[in-house]
Amino acid sequence: MKRKIMNRLALMLAVIMTVAILPASDSVHGESNANTVQYYFANSNAGNADGTIQFTSNKPGTYTFYWGDEKGNKLQYNGIGFSKLGQVSTTSQNLTAEYSVVSSYTVIPEGARELLVYNSGAEKVASYDIPQEKQFHEEEALYQFGLMSDVHFNRYADYSSDDSVPAFNRALKFMNDRGIDFVGLTGDLSNAAETSAYTKFNNAINQYPNMTVYTCMGNHDVYWSGDAGKNIANFAKLVNTKNKTDSHVKNINSDTGVDFVYEKNGDIFIFFSQTSAVYRKNAYLVTMDQLNWLETNLAAYADKNVYLFFHTYFASENGDVTKAVGNLKNPGGYTYDLTYYFGNKDEARFRALLNKYSNVTMFSGHSHWSYGQQKYNPNLNIGNINTKQTGATLIHVSSVGAPRTIEENAKNRDENNGVKSEGMVAVKYKNATVYLAVDFVNNEYMADASYLNRDGKKGVSEQITFQQETTKSQKDTKLGKSKITSVGKAKKTKAKYYKVKIKYKKIANAQKYQIKYSTTKKFKAKKTKTRYSKKISYTIKKLKKNRKYYIKVRAFRKDSGKKIYGKWSKVKTLRIKR
């Protein structure tokens, strides 16, 4: 009676299990039948590896799983092999062990026909035939593109021994050798927006004139030292220079010079740069005008596949940054702290767009976490902007310069510059994209961090009309009256002109200050010059001797396309004497 009850329970359990494909096991010549492997798939979706692998050995040891081709050899794609999918250890007390695939997006790669099991002596001891209906069934690949992030020239040594130089060169060669002609990066080329970093970047990509390499800006490129506005202008001048003449580039954002759209094979690639590096409450990473530009383009390309490059990752929908795509928390409590501040006005609007457009896949970097760190967060490398899977897909791109790792209970991370280097190869099919994580140091694809993503639902392109801010919002951004606090002494310059430094009061909510100076009291246009500064001081140059000048200042900001000005300061008079 007891045995019958147990048999019924076992039968009920088998029915309840979400295993849609019954597994088959096999053994290898020279081994006993105790070496068996079974694969319990979590669903019946072709090409999806989600599930649990159960292995029973004939002796205790460590055993590793690999994808195999139709001849029983370890799988290769485009001439490159795959690393292990997973690993288990058996003991004399328990010769059966299980491995659960970490991500529900993990792909059974194109050409995989078997799951192979190897022992610690590199001998194949068992194999499993992947059912035909579970194999990868997409049509022939349309094209490939490369993904990289966080190169960080100059950050990890001096110019002559910069670890990022050989790392980036090696990664570009890998892409070129695979026949890839387009590579996108999610920013942080530099350590502190220095021109020499961009020189190194251009020296590297210029070795491959037939390859297009574009990037957005990261926080280190925007502002880690110096003036953010000047750093953005310098980036626009020195990086992505090819986009000025590239017929595939459209809609360069004239306000920033660093946001633009690139079209390839009918798909849309949007490079969207953060223009601030301040990570705190009420500090914007992008402006509302930038979000207007982004929303216009997302609406225009709602009927296409859109790949969006943006440096900083988003928290999960409840604000948890430790479970976000792009971040983690180890058992010791360590997590990355520079996150897009959840709930800020720009973050909320940006998030709403990602929830609206499911045809979008967004790539981000910033945290540098190595792909293998998904053991702490199964969503580290890929997921959706919401748990209902109805919005944009989010993908974390590891660092090509320094993929970070951390031990379970450690309080400090390891940078791994000069030791690790990672990126991705995206393979585009008609209805899906496969993301193959790349270990550039070991020259292999990472099987446990390679994913299949079905392209999101496309909509109809639409026209967007932006509304002005509400009265309350405008009131919040009202600017106070300016005041010139000092006018310095005129100093002669080498060009026989004079310069004078003026200082003025800081105004809350101001983005810039507008300075007007004129030789007429009424500030007539022909005799008046206008300058802008983000600082609360400005040096007026090229003043002529024996002239009287009139100076006034007011605060300025731009909010959702609307220009807002404060009241002019009282006019100060300056006479340049002999």
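Fair warning: this is a prediction, and the values are worked out from it, not measured in the lab.

1. Focus: the overall build of the protein
When helices and strands are tallied, the protein shows 8 helices and 32 strands. When the backbone C-alpha atoms are referred to their principal axes, the protein occupies close to 110 × 55 × 45 Å. Residues counted as buried form 52% of the 578 residues belonging to the protein. Taking the contacts inside the protein whose residues are at least 6 apart along the sequence as the reference set, 68% of them involve residues at least 24 apart. When the accessible surface of the protein is split by element, carbon and sulfur atoms take 47% of a total near 27300 Å².

2. Looking at the pattern of salt bridges
The full count for this structure, using the stated rule, is 11 salt bridges. Measuring nitrogen to oxygen at the nearest pair gives 2.1 Å for the salt bridge that ties glutamate 138 to arginine 454. Residue glutamate 138 is located in the loop between β9 (124-129) and β10 (143-148), and its partner arginine 454 is located in strand β23 (residues 451-454); the two are separated by 316 residues in the primary sequence. Assessed through its relative accessible area of 40%, arginine 454 is described here as partly exposed. Among the salt bridges present, the one from arginine 349 reaches glutamate 295, with a minimum N-O distance of 3.0 Å.

3. Considering the packing of helix α2 (residues 164-177) against helix α3 (residues 195-205)
At a closest axis distance of 10 Å, the pairing of α2 and α3 adopts a crossing angle of 30 degrees. On the basis of the axis angle, α2 is roughly parallel to α3. Here α2 runs over α3; the crossing is right-handed. Touching Val165, Phe168, Asn169 and Leu172 of α2 are Lys200, Phe201, Ala204 and Ile205, all from α3.

4. Structural notes on helix α5 (residues 228-238)
Think of an α-helix as turning once every 3.6 residues; residues three or four places apart then point the same way. Listed in full, the buried residues belonging to α5 are Ala228, Asn231, Ile232, Phe235 and Ala236. Burial along α5 is one-sided: seen end-on, the buried residues are contained in an arc of 135 degrees. Among the exposed residues of α5, those oriented more than 90 degrees off its buried face are Lys230 and Lys237. Lining the buried residues of α5 we find α3, β12 (212-215) and α4 (219-222). Sitting at the amino-terminal end of α5 is aspartate 227, which places a side-chain oxygen 3.0 Å from the backbone nitrogen of glycine 229. Remark: asparagine 240 follows α5 within two positions and exhibits a positive phi of approximately 60 degrees.

5. Topic: unusual backbone geometry
At alanine 122, a position not held by glycine, the phi torsion is positive, near 65 degrees. Assignment of secondary structure puts alanine 122 in the loop between β8 (114-119) and β9. Here the phi dihedral of asparagine 154 falls at roughly 75 degrees; this positive angle occurs in a residue that is not glycine. Among the structural elements, asparagine 154 can be located in the loop between β10 and α2. When its relative accessible area of 17% is taken as the criterion, asparagine 154 is described as buried.

6. Quick look at the confidence of the model for the protein
With 90% of its residues at a pLDDT of at least 70, the protein reaches an overall mean of 90. Between residues 1-23, whose pLDDT stays under 50, and residues either more than four places distant or in other chains, the model counts 20 contacts. Long-range and interchain partners of residues 468-476, a stretch whose pLDDT sits below 50, account for 8 contacts in this model, where long-range means more than four residues apart.

The rules we used
Residues numbered from 1 in each chain as written. Predicted model: local features only at pLDDT ≥ 70, side-chain atom pairs only at ≥ 80, totals over all residues. Heavy atoms only, no water. Helix = DSSP H or I, 4+ residues; strand = E, 2+ residues; numbered from the N terminus. Buried < 20%, exposed > 50% of the residue type's maximum accessible area, 1.4 Å probe, protein only. Contact = heavy atoms within 4.5 Å. Areas by Shrake-Rupley, 256 points an atom, 1.4 Å probe, with all protein chains shown as cover. Salt bridge = Lys/Arg side-chain N within 4 Å of Asp/Glu carboxyl O. Axes fitted to C-alpha atoms, helices over the stretch in contact; angles between N-to-C directions. Parallel < 35°, antiparallel > 145°, perpendicular 65-115°, else oblique. Left-handed = near helix turned anticlockwise from the far one by under 90°. Arc of directions from axis to C-beta. Polar contact = N/O pair within 3.5 Å; in protein donor to acceptor, adjacent residues only side chain to side chain. pLDDT = per-residue confidence, 0-100.

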